[in-house]
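Architecture at a glance
Okay, here's what each chain looks like letter by letter:
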Amino acid sequence: DAGVIQSPRHEVTEMGQEVTLRCKPISGHDYLFWYRQTMMRGLELLIYFNNNVPIDDSGMPEDRFSAKMPNASFSTLKIQPSEPRDSAVYFCASSFHDGEGYGYTFGSGTRLTVV
Amino acid sequence: QKEVEQDPGPLSVPEGAIVSLNCTYSNSAFQYFMWYRQYSRKGPELLMYTYSSGNKEDGRFTAQVDKSSKYISLFIRDSQPSDSATYLCAMSKGAQKLVFGQGTRLTINP
């Protein structure tokens, strides 16, 4: 298995532009998570899905952020309009409920810079 | 106050030393406890997980959970330069929503 695949790896955009981050989870995993990591705040959960349905989006910072999971093999996180304070590394992770623990598999992340 | 507190370090030790990494937490409902390792410019990878209190050993790594004190630890024996990374503790109530510590940056010096 190729693991969790995120694209792009790096994104540099100007303030006010729309940004779309993409994620392909591991086949068979029924949970998908979007996290944001910064030096100041560490890893923050933005939203997570179970069987393609959003379960908890309380971490989404504001209405500029939206996430979708149209099918079991694809999810997007969109920021519109982007702002410099959105600069961070965005991680997607997927997991399955194995009954003993909830280990996630993370992607390699998308490093977003908004100038 | 954050739900999970972890000293960000940095922590620097000589090769072969025993490393102790720790986290404290405030939510007594946490049941699952994990340690992740994150190399520079990579995503975190699961190192160990435990359910409830107790110890778990895997090779050079030992995870300890003390629920009465709300304290978890990760010990690394015979540390190697390849162990240099950021170590993040994480925990959940079992509803698939992990809460992470800030991460401790560890450097093992040859």
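Placed above this text is the structure.
Below is a summary of the structure that appears in this document. (Residues numbered from 1 in each chain as written. Chains lettered and ligands numbered in written order. Predicted model: local features only at pLDDT ≥ 70, side-chain atom pairs only at ≥ 80, totals over all residues. Heavy atoms only, no water.)

1. Examining the sheet that holds strand 6 (residues 54-58) of chain B
Residues and elements named next belong to chain B. Pairing in this open sheet of five strands is antiparallel, and the strands run 1-3-8-7-6 from one edge to the other. Each edge of the sheet is formed by a strand with only one pairing partner; in this case those strands are strand 1 (4-6) and strand 6. Shown here is a sheet whose adjacent strand axes are inclined to one another by a mean of 15 degrees, direction ignored. Note: strand 6 against strand 7 (residues 61-66), five bridges, orientation antiparallel. Residue Asp-58 lies in a different strand from strand 7, and its bridge partner there is Phe-61. (Pairing = 2+ DSSP bridges. Helix = DSSP H or I, 4+ residues; strand = E, 2+ residues; numbered from the N terminus. Axes fitted to C-alpha atoms, helices over the stretch in contact; angles between N-to-C directions.)

2. Concerning the state of the cysteines
Taken as a whole and judged by the stated rule, the model has two disulfides over all chains. Cys-23 of chain A shares a disulfide with Cys-92 of chain A; S-S distance 1.9 Å. With the S-S bond torsion at -65 degrees, the cross-link from Cys-23 of chain A to Cys-92 of chain A turns out left-handed. Here Cys-23 of chain A is found in strand 3 (residues 19-24), whereas its partner Cys-92 of chain A is found in strand 9 (residues 88-95), with 69 residues between them in sequence. Both residues of the pair, Cys-23 of chain A and Cys-92 of chain A, count as buried. Cys-23 of chain B shares a disulfide with Cys-89 of chain B; S-S distance 2.0 Å. Taking the sign of the S-S torsion, -100 degrees for the link of Cys-23 of chain B and Cys-89 of chain B, the bridge is left-handed. (Disulfide = S-S within 2.5 Å. Buried < 20%, exposed > 50% of the residue type's maximum accessible area, 1.4 Å probe, protein only.)

3. Section: the side chain of Glu-44 of chain A
All names here are of chain A. Turning to its location among the elements, Glu-44 is positioned in strand 5 (residues 42-50). Among the residues examined, Glu-44 registers a relative accessible area of 16% and is labelled buried. A polar side-chain atom of Glu-44 sits 2.6 Å from a polar atom in the side chain of Arg-41. When sequence neighbours within four positions are dropped, the list of residues in contact with Glu-44 reads Trp-34, Tyr-35 and Arg-36. (Polar contact = N/O pair within 3.5 Å; in protein donor to acceptor, adjacent residues only side chain to side chain. Contact = heavy atoms within 4.5 Å.)

4. With respect to the pairing of strand 5 (residues 45-51) of chain B
Pairing between strand 4 (residues 32-38) of chain B and strand 5 of chain B: six bridges, direction antiparallel. Looking at the pairing, Arg-37 of chain B lines up with Glu-45 of chain B of strand 5 of chain B.

5. Some thoughts on the packing of aromatic side chains
Two aromatic rings are characterised by how far apart their centres lie and by the angle between their planes. All names here are of chain B. Applying the stated criterion across every chain yields a total of 15 aromatic pairs over all chains. Measuring from ring centre to ring centre gives 5.9 Å for Tyr-25 and Phe-30, while their planes differ by 65 degrees; the resulting arrangement is edge-to-face. Per residue, the accessibility class of Tyr-25 equals that of Phe-30, and both read buried. When the centroid spacing of 5.5 Å and the interplanar angle of 55 degrees are considered together, the rings of Tyr-36 and Phe-100 count as tilted. Taken as a pair, Tyr-36 in strand 4 and Phe-100 in strand 10 (residues 99-100) lie far apart in primary sequence, 64 residues in all. With a relative accessible area of 0%, Tyr-36 lands in the buried category. (Phe/Tyr/Trp six-rings, centres within 6.5 Å; stacked < 30°, edge-to-face > 60°.)

6. Overview of the sheet that holds strand 3 of chain A
Residues and elements named next belong to chain A. Pairing within the open sheet is antiparallel, and its four strands lie in the order 1-3-8-7. If you trace the sheet from one side to the other, it starts and ends with strand 1 (5-7) and strand 7 (65-71), each paired once. When the angles between neighbouring strand axes are averaged without regard to direction, this sheet yields 15 degrees. Here three bridges tie strand 1 to strand 3, and the two strands are oriented antiparallel to one another. Of the residues in strand 3, the one forming a bridge with Gln-6 is Cys-23.

7. What about the pattern of salt bridges?
Residues and elements named next belong to chain A. Counted by the stated rule, this structure contains eleven salt bridges over all chains. Taking the shortest distance from any N to any O, the salt bridge between Arg-36 and Glu-44 comes out at 3.5 Å. Here Arg-36 falls in the buried class, since its relative accessible area comes to 11%. The salt bridge involving Arg-64 is made with Glu-62; its shortest N-O contact spans 2.8 Å. With a relative accessible area of 10%, Arg-64 lands in the buried category. Several salt bridges share partner residues, and in doing so they unite Glu-62, Arg-64, Glu-83, Arg-85 and Asp-86 into one network. (Salt bridge = Lys/Arg side-chain N within 4 Å of Asp/Glu carboxyl O.)

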